[in-house]
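# Examining the three-dimensional arrangement
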Amino acid sequence: MCGIVGYIGTEDVKETILKGLERLEYRGYDSAGIALFDGDQVRVFKDEGRIAHLRDIIDYDVKSTLGMGHTRWATHGKPNKINSHPHQSIEKRFTIVHNGIIENEEELKERYLKNIKLESETDTEVVAQILSKFTTEGEEVTLAIRHLMSEIEGSYALAIIDKYNKEKMYAAKNKSPLLIGKGDGFNMIGSDAMAMVSHTNEFYELDDGEYVEITKDKVEIFNIYGVKVNRDTYKAELDSEDIEKGTYPHYMLKEIDEQPFVIRRIIAEYQDENGELKLDQDIINKIKNSDRIYIIACGTSYHAGLVGKYYFESITGKPAEVHVSSEFVYNTPILSEKPLFIFISQSGETADSRAVLVKVKKLGYPTITLTNVKGSTLYRETDNQLLLYAGPEIAVASTKAYTAQIAVLSIIAVKASNKDIDLIKELSIAASVMEALCDSKDLYKDLAKEYLSETRNCFYIGRHLDYYVCMEAALKLKEISYIQTEGFAAGELKHGTIALIEEGTPVIAVITQEIINLNTRSNIKEVSARGANVITISRKSISAKSDQIVLGDVNEFLTPLAAAVPIQLLAYYAALDRGCDIDKPRNLAKSVTVE
Ligand code: F6R
């Protein structure tokens with residue numbers, strides 16, 4: 001969702017900000033804008049559309065060493081030029097970009113802006129106008145910012161330029177992500193490290209309710225009462241090469257191909273010097289001391305959570321439930337006596353999951369986060385953290401983070417169990433099988449062309465663990481190819497959905513579990529008899545001659561890792577065939593920072 005990047009230093013800022021915004025494109029956006037302070041006035045260029053378009057509308061004669069940019073994912077008002085950020089206060093003193101949602105916008109307008117005609121439909125402009133009102137009434141700027149923060153309900157990462165101070169930039173944060181990048185002779189702000197990593201890998205994290213004054217040489221953090229906060233910087237283990245596409249046409253394809261390597265890196269990171277799997281003893285104790293595990297996640301991470309539930313129950317012997325965060329928070333089930341909460345989130349910033357975290361922390365329950373982003377909000381706010389080591393995932397559709405989540409969940413489940421499973425060996429086999437699957441791209445390309453290039457809809461069917469894989473497969477296909485796809489428990493088809501099967505409907509069956517092999521094959525017969533065009537993905541030792549995609553043999557419980565590769569590549573090639581914007585599907589954001 002919305003991305004922010006800002007810079008103050010001695011060099012002209014345009015390229016730094018534009019490149020930073022390009023690095024944030026993966027978060028999803030529909031408009032973009034930039035503010036350039038030329039020392040006299042703050043010049044704003046913005047419009048609906050991509051950053052490539054923003055590049056076309058900027059006046060390159062404007063020279064500026066202080067500026068900021070924004071990618072907007074519309075929440076308040078349509079994506080158009082007027083609603084794009086930056087927004088300016090009426091007398092153009094303050095220029096503001098914002099990520100988040102001001103929940104009491106209407107109330108604030110009523111209280112402070114009755115006589116002001118707002119230009120846009122955004123909550124951000126409200127912030128700019130109120131700041132201007134407070135300063136016009138005599139408040140010094142930092143007092144006005146604190147006053148503003150105390151009035152706002154909701155989430156915000158704000159970056160502010162004050163026309164009367166060309167040596168300074170301000171930022172404030174509550175619930176939305178914002179980092180400060182520390183440089184030598186310059187400083188930056190950004191929604192995440194990716195926007196700044198070409199310039200610095202040293203960062204300050206901000207806590208909720210803090211604001212910052214940033215000059216080219218100094219970063220000063222304050223709490224809402226104006227008390228200075230001492231904060232050390234941290235180094236991000238992020239290489240700017242990690243976030244390049246290299247020779248790949250899309251990040252998604254690169255990230256699919258990286259999966260075997262990610263699994264091997266996870267094995268290495270979770271191994272001790274004796275070559276044994278290791279896991280923080282505190283995490284093992286938390287699992288042992290709990291009477292039920294509640295896995296909380298959204299989207300693809302939720303699908304990994306379903307596999308995790310199976311691991312906890314079948315390997316660890318611990319009851320587990322998986323919940324979609326946005327449901328759990330407002331419709332919380334009756335909890336067990338000693339619940340343990342495990343949050344799964346690639347970005348670590350998902351607002352729905354964080355809302356659950358805030359709730360269960362208030363109740364005093366133990367919490368663990370599995371995330372790909374060290375230092376992210378969920379990482380910082382839970383008791384224990386486990387990293388996914390997948391490297392930056394830039395394509396909006398999650399691939400390598402999903403398989404990394406499953407691999408790390410298997411490690412937790414095995415380490416918290418008494419079972420003697422040689423997981424290092426089993427994960428290594430899975431990595432090799434995934435590698436072989438990645439090497440057969442022509443097969444998926446051909447199947448996607450034949451079965452998916454023209455279709456209106458598609459069904460994935462499977463049972464047991466394969467059902468969870470089907471749910472993820474359906475999400476992957478629908479989100480990047482826009483084919484209406486559903487993932488079904490194969491046995492449920494005949495209870496209603498089979499009515500949708502007609503001549504030529506693609507049905508993709510996943511069969512990796514021996515116990516359901518024959519049942520799912522019966523379901524294939526049922527849909528074939530009604531005209532479906534079936535693709536079957538099966539595991540080698542239970543495969544039939546006619547199965548089009550055969551996964552090498554991996555341990556049965558790790559088949560979701562192997563099956564992930566064909567389902568991701570089928571989605572990729574279907575989307576490619578249909579001319580879709582694969583890395584940035586319409587309406588979607590990578591980091592969903594609003595509820
Ligand atoms: C789909 C996808 C999303 C995310 C979901 C949660 O490909 O990427 O469904 O899985 O938005 O995001 P995280 O894992 O960052 O909490």
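Note that this is a predicted model, so its numbers are computed, not measured.

### Concerning the pattern of salt bridges
Scanning the model with the defined rule gives 41 salt bridges in all. Measuring nitrogen to oxygen at the nearest pair gives 3.2 Å for the salt bridge that ties Glu-220 to Lys-228. The exposure class of Lys-228 is partly exposed, given its relative accessible area of 48%. A salt bridge links Asp-282 to Lys-286; the nearest nitrogen and oxygen atoms lie 3.1 Å apart. Taken together, the residues Asp-282 and Lys-286, both in helix H8 (residues 281–289) and four residues apart, mark about one turn of the helix.

### Digging into the sheet that holds strand S25 (residues 549–551)
Reading across from one edge, S22-S21-S23-S24-S25 is the order of the five strands in this open sheet, with parallel pairing throughout. Two strands in the sheet have a free side with no partner beyond their single neighbour: strand S22 (484–489) and S25. Across this sheet, the average inter-strand angle for adjacent strands is 15°, counted without regard to direction. Alignment of strand S21 (residues 457–462) against S22, held across six bridges, turns out to be parallel. Residue pairing for S22: Cys-458 is matched across the bridge by Thr-485. Along the sheet, helix H15 (residues 441–452) contacts S21, strand S23 (506–511), strand S24 (533–539) and S25; its crossing angle with S24, the most-contacted strand, is approximately 150°. Against the sheet, helix H18 (residues 559–577) contacts S21, S23, S24 and S25, and its axis sits at roughly 150° relative to S25.

### Looking at the domain arrangement of the protein chain
Here the protein chain is described as being made up of domain 1 (3–245), domain 2 (248–439) and domain 3 (440–595). On a C-alpha basis, the centres of domain 2 and domain 3 stand 23 Å from each other. Summing the contributions of domain 2 and of domain 3, the shared interface buries around 3900 Å²; its carbon and sulfur component is 66%. Counting across the domain 2 and domain 3 interface gives two salt bridges. Of the charged contacts, one joins Lys-590 and Glu-393 as a salt bridge, the two residues approaching to 2.7 Å between their closest N and O atoms. At the junction of domain 2 with domain 3, the criterion picks out 21 residue pairs in polar contact (both at pLDDT 80 or more). Within the residue set of the side of domain 2 that touches domain 3, elements represented by two or more residues are helix H6 (251–257), helix H7 (259–269), helix H9 (299–316), helix H11 (351–362), helix H13 (400–415) and helix H14 (423–438).

### Digging into the side chain of Gln-346
With respect to the helices and strands, Gln-346 occurs in the loop between strand S18 (339–345) and H11. Residue contacts for Gln-346: discarding those within four places in its chain leaves Ser-301, Thr-371, Asn-372, Val-373, Leu-388, Glu-393, Ala-401, Gln-405 and Lys-590.

### What about the environment of Ala-574?
Looking at the element boundaries, Ala-574 is found in helix H18. Each C-alpha atom, one on Ala-574 and one on Val-197, is 33 Å from the other, the two residues being 377 residues apart in sequence.

### Focus on the nonpolar core
Ranked by internal contacts, the top residues of the largest apolar core, which has 102 residues, are Tyr-311, Phe-312, Leu-370, Leu-386, Ile-412, Leu-427 and Tyr-460. Residue contacts for Tyr-311: discarding those within four places in its chain leaves Thr-316, Ile-406, Leu-409, Ser-410, Ala-413, Phe-557, Leu-558 and Pro-560. Membership of the second largest hydrophobic core comes to 26 residues, among which are Leu-108, Leu-113, Leu-118 and Ile-160.

### What to know about unusual backbone geometry
In this structure, Pro-86 follows His-85 across a cis peptide bond, with omega equal to 0°. Backbone geometry at Lys-92 places phi at a positive 65°, although glycine is not the residue there. Topologically, Lys-92 is positioned in the loop between strand S5 (87–88) and strand S6 (94–99). Non-glycine residue Lys-175 carries a positive phi angle of around 70°.

### Concerning the environment of Lys-78
In this structure, Lys-78 sits in the loop between strand S4 (66–72) and S5. The spacing of Lys-78 and Gln-385 is 307 residues in sequence and 38 Å in space, taken between C-alpha atoms. The contact partners of Lys-78, leaving out residues within four places of it in the chain, are Arg-72, Asn-83 and Glu-121.

### Focus on the site of the ligand
Taken together, 15 residues surround the ligand, and among them Ser-301, Ser-345, Ser-347, Thr-350 and Glu-479 come closest. Residue Ser-301 places a side-chain N or O atom 2.6 Å away from an oxygen atom belonging to the ligand. A distance of 2.7 Å separates an oxygen atom of the ligand from a polar backbone atom of Gln-346. Contact with the protein chains removes 90% of the 410 Å² of surface that the ligand exposes when unbound. Tallied by class, residues from the shell around the ligand come to five nonpolar, eight polar and two charged. Residues from two domains meet in the shell around the ligand; each of domain 2 (248–439) and domain 3 (440–595) gives at least three.

### Concerning H13
Note that an α-helix has 3.6 residues per turn; residues three or four places apart therefore point the same way. Look at H13: 22 Å from first C-alpha to last across 16 residues, which is about the 22 Å you get at 1.5 Å a residue. Among the 16 residues of H13, 15 are classified as buried, and the element is accordingly described as predominantly covered.

### Considerations on the packing of H14 against H18
Where H14 contacts H18, the two axes come as close as 8 Å, and the packing angle between them is 20°. With respect to H18, the axis of H14 lies roughly parallel. Handedness of the crossing formed by H14 with H18: right-handed. Here H14 contributes Leu-427, Ala-430, Val-433, Met-434, Leu-437 and Cys-438 to the contact with H18, which in turn contributes Leu-561, Ala-562, Val-565, Pro-566 and Leu-569. For the contact of H14 with H18, the per-class residue count stands at 11 nonpolar, no polar and no charged.

### Focus on helix H17 (residues 517–529)
Its 13 residues give H17 an end-to-end C-alpha distance of 19 Å, which sits within 8% of 18 Å, the value for a rise of 1.5 Å per residue. Listed in full, the buried residues belonging to H17 are Asn-517, Thr-520, Arg-521, Asn-523, Ile-524 and Val-527. Buried residues along H17 cover an arc of 155° about the axis, so they all sit on one side. In H17, those exposed residues whose orientation departs by more than 90 degrees from the buried face are Leu-518, Lys-525 and Ala-529. Those residues of H17 that are buried are in contact with S21, S23 and S24.

### Details of the packing of aromatic side chains
All told, the structure shown has 14 aromatic pairs when counted by the stated rule. Measuring from ring centre to ring centre gives 5.0 Å for Tyr-572 and Tyr-573, while their planes differ by 85°; the resulting arrangement is edge-to-face. Tyr-573 shares its class with Tyr-572; the two are buried. Of note, Arg-50 hangs over the ring of Tyr-29, and the distance from its end group to the ring centre comes to 4.9 Å.

About the cut-offs
- Within every chain, residues take consecutive numbers counted from 1 along the sequence as written.
- Local features are withheld for residues below a pLDDT of 70 in this predicted model, meaning they are given only at 70 or higher, and side-chain atom pairs are given and counted only at 80 or more; totals for whole chains, interfaces and linings count all residues.
- With hydrogens and water stripped out, all remaining heavy atoms of the structure feed into the side-chain values.
- Between Lys or Arg on one side and Asp or Glu on the other, a salt bridge is scored when a side-chain nitrogen of the former is within 4 Å of a carboxyl oxygen of the latter.
- When accessible area is computed with a 1.4 Å probe and restricted to protein chains, residues below 20% of their type maximum are described as buried, those above 50% as exposed, and intermediate ones as partly exposed.
- Only runs of H or I of at least four residues qualify as helices and only runs of E of at least two qualify as strands under DSSP, and these elements are numbered from the N terminus.
- In this description, strands pair whenever DSSP reports at least two bridges between them.
- Orientation is described by axes fitted as lines to C-alpha atoms, over the contacting stretch for helices, and by angles from 0 to 180 degrees between their N-to-C directions.
- Throughout, a contact is declared for two residues whenever any of their heavy atoms are within 4.5 Å.
- Domain boundaries shown here were taken from an automatic or database domain assignment.
- Here the quantity called buried area is the accessible surface, traced with a 1.4 Å probe, that two parts lose on coming together, added over both.
- Each polar contact in these results corresponds to two N or O atoms within 3.5 Å; when the atoms are within protein, one needs to be able to donate a hydrogen and the other to accept it, and residues that are neighboring in sequence are counted only if both atoms are side-chain atoms.
- Remark: nonpolar core denotes a set of buried residues (Ala, Val, Leu, Ile, Met, Phe, Trp, Tyr, Cys) joined through side-chain atoms within 4.5 Å.
- Distances are taken per atom, and a residue is near a molecule or strand as soon as one of its heavy atoms is within 4 Å of it.
- All accessible-area figures derive from a Shrake-Rupley calculation using a 1.4 Å probe, and residue coverage is judged against the displayed protein chains alone.
- Residue classes follow a fixed rule: Ala, Val, Leu, Ile, Met, Phe, Trp, Tyr, Cys and Pro count as nonpolar, while Asp, Glu, Lys and Arg count as charged, and any other residue, Gly among them, counts as polar.
- The span you would expect from a helix comes to 1.5 Å times its residue count less one.
- Working definition: roughly parallel below 35 degrees, roughly antiparallel above 145 degrees, roughly perpendicular at 65 to 115 degrees, and oblique for all remaining angles.
- Note on convention: near helix rotated counterclockwise from far helix by under a right angle means a left-handed crossing. Clockwise means right-handed.
- In this description, the arc belongs to the directions extending from the helix axis to the C-beta atoms.
- Aromatic contacts are taken between Phe, Tyr and Trp rings whose centres are within 6.5 Å, Trp giving its six-membered ring; a plane angle under 30 degrees counts as stacked, one over 60 as edge-to-face, and the others as tilted.
- Definition used: whenever NZ (Lys) or CZ (Arg) falls within 6 Å of the ring centre and also within 35 degrees of the ring normal, the charge is taken to sit over that ring.

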